[in-house]
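Reading the structure
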Amino acid sequence: MERYSKDRKIGEGSFGAVWLVTDTRNGEKLVMKEIKLTGLPPSEKTATMNEVKLLQRLKHPGVIEFRDSFIVNGEKLCILMEHAGGGDLCKKIQEVKRRGGKFSEAEVLRILAELVDAMTYCHHECKVSDSYPMPGPFHLASFKHTHDVSHWPPLASRPAAPSRSEAGERLL
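Quick caveat, the model's predicted, so the values are computed rather than measured. (Residues numbered from 1 in each chain as written. Predicted model: local features only at pLDDT ≥ 70, side-chain atom pairs only at ≥ 80, totals over all residues. Heavy atoms only, no water.)

As a further point, take the confidence of the model for the protein chain. Residues at a pLDDT of 70 or more form 72% of the protein chain, whose mean pLDDT is 77. Averaged pLDDT values over the elements of the protein chain bottom out at 42 in helix H4 (residues 164–171) and peak at 94 in strand S2 (residues 16–23). Counted against residues more than four places away or in other chains, residues 128–136, with its pLDDT under 50, gives 29 contacts. Taken together, the stretch residues 143–172 has pLDDT below 50 and engages in 36 contacts with residues farther than four places along the chain or on a different chain. (pLDDT = per-residue confidence, 0-100. Helix = DSSP H or I, 4+ residues; strand = E, 2+ residues; numbered from the N terminus. Contact = heavy atoms within 4.5 Å.)

What follows covers the side chain of Asp23. Here Asp23 shows up in strand S2. For Asp23, a relative accessible area of 2% puts it in the buried group. What Asp23 contacts, discounting residues up to four positions off in sequence, is Arg3, Tyr4, Glu28 and Leu30. (Buried < 20%, exposed > 50% of the residue type's maximum accessible area, 1.4 Å probe, protein only.)

This part takes up the sheet that holds S2. What the five strands build is an open sheet, ordered S1-S2-S3-S5-S4; its pairing is antiparallel. A strand with exactly one partner marks an edge of an open sheet, and here the two such strands are strand S1 (4–13) and strand S4 (66–72). When strand polarity is set aside, the average angle formed by the axes of neighbouring strands in this sheet is 25°. When strand S3 (residues 29–36) meets strand S5 (residues 76–82), the two strands line up antiparallel, connected through seven bridges. Counted as the bridge partner of Lys33 is Ile79 from S5. Seen against the sheet, helix H1 (residues 42–57) touches S3, S4 and S5 and runs at an angle of roughly 25° to S5. (Pairing = 2+ DSSP bridges. Axes fitted to C-alpha atoms, helices over the stretch in contact; angles between N-to-C directions.)

And the structure:
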């Protein structure tokens with residue numbers, strides 16, 4: 001743990017906290033997710049360890065990069081990830097709304113293309129159920145709740161997606 005210096009807490013949940021940290025060897029800013037292992041049900045411990053294994057495998061420019069993981073005193077798991085300083089997509093949307101603006105069609109298409117590219121990659125590596133995109137370029141960040149979707153009906157049996165103009169109007 002001496003290798004990483006905690007700068008500030010950036011999130012907290014029922015299983016632990018998320019910190020902005022500095023790698024003391026090179027000054028790089030990272031995000032450290034601390035997960036309390038004590039009292040965690042066995043199924044959650046397994047899911048958490050699976051997340052680490054999965055994150056280690058993923059190598060794509062649109063997916064937040066795994067850097068390191070370790071367990072402290074058998075009590076907490078620390079997962080270190082790339083820090084995407086630009087914030088998340090929700091923050092970006094709120095900024096645009098606050099300024100009274102809208103995303104251009106080109107911006108919407110770029111964002112969607114980046115997300116689809118990253119999700120397509122992840123679909124081939126794993127089955128992802130939730131994502132937290134990061135702006136400029138966008139990145140997927142959370143893989144804890146991965147599951148097999150092979151039992152889902154084929155796309156052809158699902159309702160048709162809106163047309164390009166309908167989808168663009170909804171996002172703009």
